[in-house]
There are 2 protein chains.
Amino acid sequence: MKLESALLTNFILSTVPISSIEAREITNSFQPMKLKKGDFLLRETHISDDYIYLEKGLMRTFVHDLDGNEITTDFFLENSMVFEVTSFFNGVRSEANIQAITHCTGFRLSYQELNKLFHQKSAFRDFGRAILVKAFMASKKRNYRMINRTAEQRYRELLSTSPQIFHYAPLKHIASYLGITDSTLSRLRRK
Amino acid sequence: MKLESALLTNFILSTVPISSIEAREITNSFQPMKLKKGDFLLRETHISDDYIYLEKGLMRTFVHDLDGNEITTDFFLENSMVFEVTSFFNGVRSEANIQAITHCTGFRLSYQELNKLFHQKSAFRDFGRAILVKAFMASKKRNYRMINRTAEQRYRELLSTSPQIFHYAPLKHIASYLGITDSTLSRLRRK
DNA sequence: ACAATTTCTTGCTTTATGTCAAGAAATGTT
DNA sequence: AACATTTCTTGACATAAAGCAAGAAATTGT
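So, here is what we can say about the structure in this document. Since this is a predicted model, take the numbers as computed values, not measurements.

## Observations concerning the relation of the copies chain A and chain B
In summary, the two copies of the chain are related to each other by a rotation about an axis coupled with a shift along it.
Part 1 of the reasoning: Of the transformation placing chain A onto chain B, the axial shift is 0.0 Å and the rotation is 180 degrees, giving an RMSD of 0.0 Å. As the rotation angle and translation indicate, the two copies are arranged about a two-fold axis.
Part 2 of the reasoning: Mapped onto chain B, 97% of the interface residues of chain A again fall at the interface, so both copies present the same surface.

So, in C-alpha cells, the structure goes:
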C-alpha cells in the first residue's frame, strides 16, 4: 500500500458510504502527479484527460473573455477533485485553462481508467456521481450568490471560507472570480 | 410499447450512443405524469423524489432570498430533464421550489428506480452521467455569462435562445433569472 | 543587488442598475 | 360585466461599480 494516498482514501470515505477496502482499491487506481507553480494542468484548445485529486496546493481555472482578458472561473483548494467537466467527459477541446497557483501534488485518473472503474465498481460509481453532484451544487450556489449578494458580500464570504486563496492568488484573479475589477477589489480590501 | 414515450426514447438516443433497444428499455422504466399550470413539482423543505423528462410544457425553479423575494434560478424547456440535484441525489430537504409555468406532461423516475437502473444498466449509467454533465455545463455557462455579459446582453441572449420563456413567464421571473429588477427588464424591452 | 515587470492602490468621472412610487394594462374571479 | 389582483411601464433620484490613469509597492529574473 502506498503511504501517500491516505488522504485520498479518507477523502473518498468522507464523500460516499463505502467500505475502507473499496476506498483503498479506488485510491490505488490513481497515479501520483505533481505540478510546479504556474504549470498548466490543461490548456485551452486541448482535450482534458485528467481527473485529479488535489492533495496539496492551490489551482485555478480561467477562460478568456471576448477582449482577451483572463477570467478566473474557479479556485481549487487542496483535498478536492479537479477536472474540467466539459472537455473531460465529452472529449472535446477545452475553452478553459487549469493552472497551478502554488506547487501542487495529487493523484490522477485518465478518462479511460475512470470509465473502466465507473462500469466495474459500484463503489466508484457512487463516488463519481457524488463528485459530479457536489461540483454541480457548488456551481449552482455560485450562480445564486452572483445574483443575490453584492460584490462586497461575495468578497467577504470568499475571504472567510477560503482565506488561502487570498494568501496565494493575485488580486486580479480573485477580482475576476468575484465578477468585479481589481480596482474595486482593492477598495473593498481597504475596509 | 407505449406510444407516448417516443419523444423520450429519441431524447435518450440523442444524448448518448446506445442501442434503440436499450433506449426503449430505459424509457419504459419511466412513469407518465402531468402537472397543471401553477402546480409544484417540488416545494422547499420537502425532499425531492422526482427525476423528470419534461415532454411538453415549461417549468421553473425558484428560491427565496433573504428578504423573501422569489429568485428564479432556472427555466426548464420541453424535451429536457428536470430535477433538483441537491435534494434528489442527497436526499436532503430542498431549498428550491419547482413549479409548472404552463400545463406540463412528462415521465418520472424515483430515486430508488434511478439507482437500480444506474447500477444495473450500463446504458443508463452513461445516460445518467451525461445528463448530470450537461446540467453542470449549463450552470457553468450561466456563471460565466453573469460575469462577462451585461444585463442587456444576457437579456438578448435569452430572448433569442428561448423565446418561449418570454411568451409564458411573467417579467419578474425572467428579471430575477437575469439578475436584474423587473423595472430594468421593462426598460430593456422597450429598446 | 538592480532593473524590469507585475501587482496593488487611489482619485476622478461616467454609467448601469437599483429603489421607490404611481398609474396603466392585463388577467383572473365571481 | 364588474371588481380585484397582478403585471408592466415609467419617472425621479440614489448608488455601486466600471473606466481610465498614474504612482507606489512588491515580486521576479539575471
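We are not done yet, so read on.
## Let's talk about the side chain of Asn115(A)
Part 1 of the reasoning: Looking at the secondary structure, you find Asn115(A) in helix H4 (residues 111-120).
Part 2 of the reasoning: Side chain to side chain, Asn115(A) and Arg129(B) meet in a polar contact 2.9 Å long.

## Some details on the protein's contact with DNA strand D
Part 1 of the reasoning: Near DNA strand D there are 17 residues, and of these Thr184(A), Leu171(B), Lys172(B), Arg187(B) and Arg189(B) occur at the shortest range.
Part 2 of the reasoning: Taking Ala151(A), its main chain carries an N or O atom lying 3.0 Å from a phosphate oxygen of DNA strand D.
Part 3 of the reasoning: In this structure, a phosphate oxygen belonging to DNA strand D sits 2.4 Å away from a side-chain N or O atom of Lys172(B).
Part 4 of the reasoning: Counting only elements with at least two residues in the surface near DNA strand D, the list comes to helix H9 (182-190) of chain A together with helix H8 (171-178) and helix H9 (182-190) of chain B.
Part 5 of the reasoning: The biggest single contributor to the surface near DNA strand D is H9(B), with five residues.
Part 6 of the reasoning: Partitioning the surface near DNA strand D into residue classes produces four nonpolar, seven polar and six charged.

## Observations concerning the side chain of Thr73(A)
Part 1 of the reasoning: Tracing the backbone shows Thr73(A) in strand E5 (residues 70-76).
Part 2 of the reasoning: On the accessibility criterion, Thr73(A) (15% relative accessible area) is buried.
Part 3 of the reasoning: The residues contacting Thr73(A), other than those within four sequence positions of it, are Thr61(A), Phe62(A), Val63(A), Arg142(A), Tyr177(A) and Tyr144(B).

Rules of the game
- Residues numbered from 1 in each chain as written.
- Chains lettered and ligands numbered in written order.
- Predicted model: local features only at pLDDT ≥ 70, side-chain atom pairs only at ≥ 80, totals over all residues.
- Heavy atoms only, no water.
- Least-squares fit on C-alpha atoms with pLDDT ≥ 70 in both.
- Contact = heavy atoms within 4.5 Å.
- Helix = DSSP H or I, 4+ residues; strand = E, 2+ residues; numbered from the N terminus.
- Polar contact = N/O pair within 3.5 Å; in protein donor to acceptor, adjacent residues only side chain to side chain.
- Near = heavy atom within 4 Å.
- Nonpolar A, V, L, I, M, F, W, Y, C, P; charged D, E, K, R; others polar.
- Buried < 20%, exposed > 50% of the residue type's maximum accessible area, 1.4 Å probe, protein only.

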